[in-house]
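Chain by chain, the residues:
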Amino acid sequence: MKGLKDNSLQSVWRWFYESLKNKYPDYELKSVRKIFFEDVFDLMETDFVLKKDYRFTETEIVKIIKAINKLERYMPVQYITGKAFFLNNLFEVNENVLIPRPETEDLVLLAIKSIKNHFKNNKIVKILDVGTGSGCIGISLAKEIKNSVVHGIDNCREALETAKKNANNNEVEVSFKLLDILGSISFSESYDVIISNPPYVKDSEKQYMHKNVLNYEPSNALYIKDSEPLIFYNAICDKASKGLLTDNGLIFFEINEHHKDDVFNLLKQMGFTDIEVYNDFRSKPRFFKARKGLSTHQGRVKQVNKAK
Ligand code: GLN
């Protein structure tokens with residue numbers, strides 16, 4: 001408890017910062033602190049001015065010390081609080097699932113808009129989320145697209161347990177199944193939409209990753225061999241073309257920005273049409289949308305700056 005003056009809000013707030021300031025850049029530490037106090041104690045930044053008489057209990061101080069110790073070892077704050085927000089909805093997270101990324105919110109917004117435009121007359125839209133992890137993609141789609149039936153698959157049993165809880169907490173029905181898209185499974189159903197944010201960081205790119213990602217997030221959700229950068233896209237497209245995706249169905253991918261042309265060529269070669277690529281908010285090519293069916297403007301790559 002070195003450096004903690006008393007258990008008032010202001011002292012604890014300052015002490016939290018001082019204890020970690022050598023480990024994180026200023027902006028990052030301020031954001032981590034904000035997330036921690038909000039998600040654990042429901043305390044907003046303004047409370048540190050307004051609630052002058054607030055005091056933390058001894059148990060709470062112990063909890064904060066434990067969190068500081070974990071943050072010193074670069075554990076992501078979301079794994080400490082067990083919470084993450086995705087499109088304003090709350091998701092439980094743990095080390096079995098990837099922490100939802102802000103760029104993936106744009107993938108889901110793109111999908112919502114496209115699905116609503118593409119499938120009319122209140123048709124039931126069957127959606128498959130491949131590599132669902134925390135379930136954030138499938139659950140958000142189920143919430144937003146009222147006439148949908150959403151299934152999520154993953155090759156990690158523990159991740160699916162978390163996804164199920166998240167569907168319950170978000171009050172939507174999504175069915176989850178333990179299935180590996182790389183396996184030789186044959187699906188008995190077909191879907192109108194397939195969406196996936198598969199692992200796409202190459203082993204050689206690990207050197208650019210932050211310690212908090214590298215040491216804590218599930219590697220089977222993130223990394224692929226350099227020799228097989230398209231392994232998941234190949235498997236999904238192959239199964240989609242063989243009947244997992246209905247004719248005229250839509251496919252959505254999040255991708256590694258260095259493989260835009262490869263994913264484009266794959267989709268084209270597999271007979272997909274209306275292929276569009278979208279940039280993320282850092283202006284990097286990040287999302288694909290394509291349709292299974294007759295071409296209206298085959299091979300066109302549409303560059304869009306933001307998927308919103
Ligand atoms: N965008 C993620 C990251 O950089 C990677 C997500 C993925 O591999 N699907 O951590």
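Above this text you will find the structure in question.
Residues numbered from 1 in each chain as written. Predicted model: local features only at pLDDT ≥ 70, side-chain atom pairs only at ≥ 80, totals over all residues. Heavy atoms only, no water.

**Q** It is not clear to me how the site of the ligand should be interpreted in this structure. Could you clarify?
**A** Lining the immediate environment of the ligand, one finds R101, E103, N197, P198, P199, Y200, V201, M209, A221, L222 and E254. For the ligand, a nitrogen atom lies 2.7 Å from a polar atom in the side chain of N197. Within the contact set of the ligand, an oxygen atom lies 3.4 Å away from a backbone nitrogen or oxygen of L222. Burial of the ligand by the protein chains amounts to 88% of its free accessible area of 300 Å². Residue composition of the shell around the ligand, grouped by class: seven nonpolar, one polar and three charged. (Near = heavy atom within 4 Å. Polar contact = N/O pair within 3.5 Å; in protein donor to acceptor, adjacent residues only side chain to side chain. Areas by Shrake-Rupley, 256 points an atom, 1.4 Å probe, with all protein chains shown as cover. Nonpolar A, V, L, I, M, F, W, Y, C, P; charged D, E, K, R; others polar.)

**Q** Can you help me understand the pattern of salt bridges in this one?
**A** Pairs can form between side chains of opposite charge once their charged atoms are near each other. In the structure shown here, the tally under the stated rule is 18 salt bridges. Taking the shortest distance from any N to any O, the salt bridge between K21 and E18 comes out at 2.7 Å. Take K21: its relative accessible area is 39%, and that puts it in the partly exposed class. Residue E18 is classed as partly exposed on the basis of its relative accessible area, which comes to 41%. The structure contains a network of salt bridges with shared partners spanning E257, D280, K284 and R286. (Salt bridge = Lys/Arg side-chain N within 4 Å of Asp/Glu carboxyl O. Buried < 20%, exposed > 50% of the residue type's maximum accessible area, 1.4 Å probe, protein only.)

**Q** Looking at this model, I keep getting lost on helix α4 (residues 58-72). Mind explaining?
**A** Because the α-helix completes a turn every 3.6 residues, residues three or four places apart line up on one side. Taking 1.5 Å of rise per residue, 15 residues should cover 21 Å, and α4 covers 21 Å from first to last C-alpha, within 8% of that figure. The set of residues buried in α4 consists of I61, I64, A67, I68 and L71. Around the axis of α4, the buried residues are gathered within 120° of arc, so they sit on the same side. In α4, the exposed positions angled more than 90 degrees off the buried face are occupied by E58, T59 and K66. Elements that come into contact with the buried residues of α4 comprise α1 (9-20), α2 (26-41) and α5 (77-81). Y74, located one to two residues past α4, shows a positive phi value of around 65°. (Helix = DSSP H or I, 4+ residues; strand = E, 2+ residues; numbered from the N terminus. Expected span 1.5 Å × (residues − 1). Arc of directions from axis to C-beta. Contact = heavy atoms within 4.5 Å.)

**Q** Sorry if this is basic, but what is going on with α2 here?
**A** For α2, built from 16 residues, the straight-helix expectation of 22 Å at 1.5 Å per residue is met to within 8% by its first-to-last C-alpha distance of 22 Å. For α2, every residue scored as buried is listed here: L29, V32, R33, F36, F37, D39 and F41. In the core, the buried residues of α2 are packed alongside α1, α3 (47-50), α4, α5 and β1 (83-86). Phi turns positive, to about 60°, at D42, one or two residues after α2.

**Q** Please explain the packing of aromatic side chains as it appears in this structure.
**A** In this description, a pair of aromatic rings is defined by centroid distance and the angle of the planes. Tallied over the full model, the rule gives 14 aromatic pairs. Ring plane angle 80° and centroid distance 6.0 Å describe the contact between F36 and F41, whose orientation is recorded as edge-to-face. A single burial state applies to F36 and to F41, both of which are buried. Their ring planes at 80° and their centres at 5.7 Å tell us that F37 and F48 sit as a pair that is edge-to-face. Pair noted here: F37 is in helix α2 and F48 is in helix α3, with a separation of eleven residues, a long-range link. The class of F48 is buried, set by a relative accessible area of 5%. In textbook terms, an aromatic cluster arises when at least three aromatic residues are bridged by ring pairs, as seen for W13, F16, F36, F37, F41, F48, Y54 and F56. The positively charged end of R33 is found above the aromatic ring belonging to W13, 3.7 Å away from the centroid. (Phe/Tyr/Trp six-rings, centres within 6.5 Å; stacked < 30°, edge-to-face > 60°. Lys NZ or Arg CZ within 6 Å of the ring centre and 35° of its normal.)

**Q** I tried to follow the environment of G249 on my own but got confused; where do I start?
**A** As for its placement among the helices and strands, G249 is situated in strand β9 (residues 245-254). Expressed as a C-alpha distance, the spacing of G249 and I127, which sit 122 residues apart in the sequence, is 9.7 Å. In this view, G249 contacts F119, D192, A290, R291 and K292; residues no more than four positions away in its chain are not counted.

**Q** I keep staring at the packing of α1 against α4 and nothing clicks. Help me out?
**A** When two helices pack together, their arrangement is given by the angle between their axes and by how far apart the axes lie. Closest axis-to-axis distance for the α1/α4 pair is 10 Å, and the angle between their directions is 25°. With respect to their mutual orientation, α1 and α4 come out roughly parallel. As for the relative orientation of α1 and α4, their crossing is right-handed in sense. Mapping the contact onto sequence places V12, W15, F16, S19 and L20 in α1 and I61, I64, I65, I68, L71 and E72 in α4. Broken down by class, the residue content of the contact of α1 with α4 amounts to nine nonpolar, one polar and one charged. (Axes fitted to C-alpha atoms, helices over the stretch in contact; angles between N-to-C directions. Parallel < 35°, antiparallel > 145°, perpendicular 65-115°, else oblique. Left-handed = near helix turned anticlockwise from the far one by under 90°.)

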